[in-house]
Amino acid sequence: MSHITIRLATREDSALLAGLIRSLANFVGDECVVTPESIERDLFDSHPAAEALIAEYKGKAEGFALFFPTYSTFLGRPSMYLEDFFVNPDVRGNGIGRAMMLRLAELALERGYCRLDWAVLDWNTRAAEFYKRLGAEIIDDYTIYRLTEEGLTKLINA
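Description of the structure in this document. Everything numeric here is computed off the predicted structure, so don't read it as measured data.

**Some thoughts on helix 2 (residues 36-44)**
Listed in full, the buried residues belonging to helix 2 are Ser38, Ile39, Leu43 and Phe44. Contacts from the buried residues of helix 2 go to helix 1 (14-28), strand 2 (51-57) and strand 3 (60-72).

As structure tokens, then:
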């Protein structure tokens, strides 16, 4: 673990983070329109929408975790949602992902959050196994729904 550094992203990391996000989008085969400017605006202006961790391995940024606070209405306490988590495939297996998850767990507890939630793509069995090894539980009773910007507009105009 001496070759791994996990740190909170700063405004100066906007381009780096945008590049890592593009790497994740490429890995999962999704469209990506993020820019350093959108990262800077949305993560580092006066009302940040999220935060990010940067994982460095042997001095090079190799992964990130993007997260934000949520709220558990049933528990009556804040929680954390992990929106995206990525380690470059060529350096997986070196403890980078585990180190990021440990830092997320520490942040959650330091901030008084009652839990950490995230979703995993059905086909990403390697990630699912990784999370299971960490002790994560699968929540089978829920299905994720989404209204895109187009769907939101249609709903408002219906």
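**With respect to the pattern of salt bridges**
Between side chains of opposite charge, a pair can form when the charged atoms approach closely. In this structure the tally under the stated criterion is twelve salt bridges. Measuring nitrogen to oxygen at the nearest pair gives 2.6 Å for the salt bridge that ties Asp13 to Arg7. In this structure, Lys154 engages Glu150 in a salt bridge whose closest nitrogen and oxygen atoms are separated by 3.2 Å. Note that Lys154 and Glu150 are positioned in helix 5 (residues 149-157) at a spacing of four residues, about one turn of the helix.

**Description of the nonpolar core**
One broad trend across soluble globular proteins is that nonpolar side chains are buried collectively. Core analysis: the largest hydrophobic core is formed by 22 residues, its most contacted members being Phe85 and Leu104. In terms of residues, this core owes the most to one element, helix 3 (residues 96-110), which gives seven residues. Here Leu104 is in contact with Leu53, Ala65, Phe67, Met80, Leu82, Phe85 and Leu116, once residues within four sequence places are set aside. In this structure, Ala18, Ile21, Ala61 and Phe64 belong to the second largest nonpolar core, which totals 17 residues.

Cut-offs applied
- Residues numbered from 1 in each chain as written.
- Predicted model: local features only at pLDDT ≥ 70, side-chain atom pairs only at ≥ 80, totals over all residues.
- Heavy atoms only, no water.
- Buried < 20%, exposed > 50% of the residue type's maximum accessible area, 1.4 Å probe, protein only.
- Helix = DSSP H or I, 4+ residues; strand = E, 2+ residues; numbered from the N terminus.
- Contact = heavy atoms within 4.5 Å.
- Salt bridge = Lys/Arg side-chain N within 4 Å of Asp/Glu carboxyl O.
- Core = buried A, V, L, I, M, F, W, Y, C linked by side-chain atoms within 4.5 Å.

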